[in-house]
Amino acid sequence: MPQILVDHSAGLDLDREAFAQEVHRLITEVIDTTVADCKTLFRPAGLTSVGDGTGGHAVVLVEIKILAGRSAAQRAELTARVLAAVRARVTVPAAIGVEVTELDRETYRFVHHPGSSVC
């Protein structure tokens, strides 16, 4: 169920697979889910800008979508842990944001689609 969206500057030196695995583990330590349920999508952005654009900062924005019903304390704990993980892995000046958002249990659906064969 957790969906992790990572928007970042295209040239950012980041071990994406290691970061995803760390975030998946962190999520399971804070909310009731499994690593197998976590899905991460990295979206490198060709153009990013911070402030007036003269600082040369990279940008990393992480959104973690979880099913509604977790406490504010759990969401804040998850935000803090993921922020620390990003800070530990990014070695250049960067603008970093982490947000935990909730998916509506009544309207959210997710399936593992097996694909289809077309003849």
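If you're wondering where the values come from, they're calculated on a predicted model, not measured in any experiment.

S.K.: Any chance you could explain the overall build of the chain here in plain terms?
M.R.: When its secondary structure is counted, the chain shows two helices and four strands. For the chain, the α and β elements follow one another from N to C terminus as β-α-β-β-α-β. Reported as C-alpha extents along the three principal axes, the dimensions of the chain are approximately 50 × 45 × 25 Å. Burial status across the chain gives 34% buried among its 119 residues. Within the chain, contacts between residues at least 6 apart in sequence are counted, and of these 79% link residues at least 24 apart. Roughly 7100 Å² of accessible area belongs to the chain as shown, and the carbon and sulfur atoms make up 53% of that amount. If the 12 positive side-chain charges of the chain are averaged to one point and the 15 negative ones to another, these points end up 2 Å apart.

S.K.: Sorry, what's going on with helix 2 (residues 72-89) here?
M.R.: Owing to its 3.6 residues per turn, the α-helix aligns residues three or four sequence positions apart on the same side. Look at helix 2: 26 Å from first C-alpha to last across 18 residues, which is about the 26 Å you get at 1.5 Å a residue. For helix 2, the complete set of buried residues consists of L78, V82, A85 and V86. Buried residues of helix 2, viewed axially, fall in a sector of 100 degrees; they line one side. What points out from helix 2, more than 90 degrees from its buried face, is the exposed set A72, A73, R87 and A88.

S.K.: Please explain the pattern of salt bridges as it appears in this structure.
M.R.: Here the idea is simple: oppositely charged side chains can pair when their charged atoms come close. If you walk through the whole model with that rule in mind, you get six salt bridges. Among the salt bridges present, the one from R81 reaches E29, with a minimum N-O distance of 2.7 Å. Here E29 lies in helix 1 (residues 16-30) and R81 lies in helix 2, a separation of 52 residues in the sequence. Among the residues examined, R81 registers a relative accessible area of 29% and is labelled partly exposed.

S.K.: Explain the packing of helix 1 against helix 2 here, please?
M.R.: At a minimum axis distance of 10 Å, the contact between helix 1 and helix 2 shows a crossing angle of 155 degrees. Relative to helix 2, the element helix 1 lies roughly antiparallel. Once helix 1 is placed against helix 2, the crossing between them reads as right-handed. From helix 1, A18, F19, E22, V23, L26, I27, E29 and V30 reach across to helix 2, where they touch Q74, E77, L78, R81, V82, A85, V86 and R89. Across the contact of helix 1 with helix 2, the residue classes break down as ten nonpolar, one polar and five charged.

Conventions we followed
- Residues numbered from 1 in each chain as written.
- Predicted model: local features only at pLDDT ≥ 70, side-chain atom pairs only at ≥ 80, totals over all residues.
- Heavy atoms only, no water.
- Helix = DSSP H or I, 4+ residues; strand = E, 2+ residues; numbered from the N terminus.
- Buried < 20%, exposed > 50% of the residue type's maximum accessible area, 1.4 Å probe, protein only.
- Contact = heavy atoms within 4.5 Å.
- Areas by Shrake-Rupley, 256 points an atom, 1.4 Å probe, with all protein chains shown as cover.
- Lys, Arg positive; Asp, Glu negative; His and termini not counted.
- Charge placed at Lys NZ, Arg CZ, Asp CG, Glu CD.
- Expected span 1.5 Å × (residues − 1).
- Arc of directions from axis to C-beta.
- Salt bridge = Lys/Arg side-chain N within 4 Å of Asp/Glu carboxyl O.
- Axes fitted to C-alpha atoms, helices over the stretch in contact; angles between N-to-C directions.
- Parallel < 35°, antiparallel > 145°, perpendicular 65-115°, else oblique.
- Left-handed = near helix turned anticlockwise from the far one by under 90°.
- Nonpolar A, V, L, I, M, F, W, Y, C, P; charged D, E, K, R; others polar.

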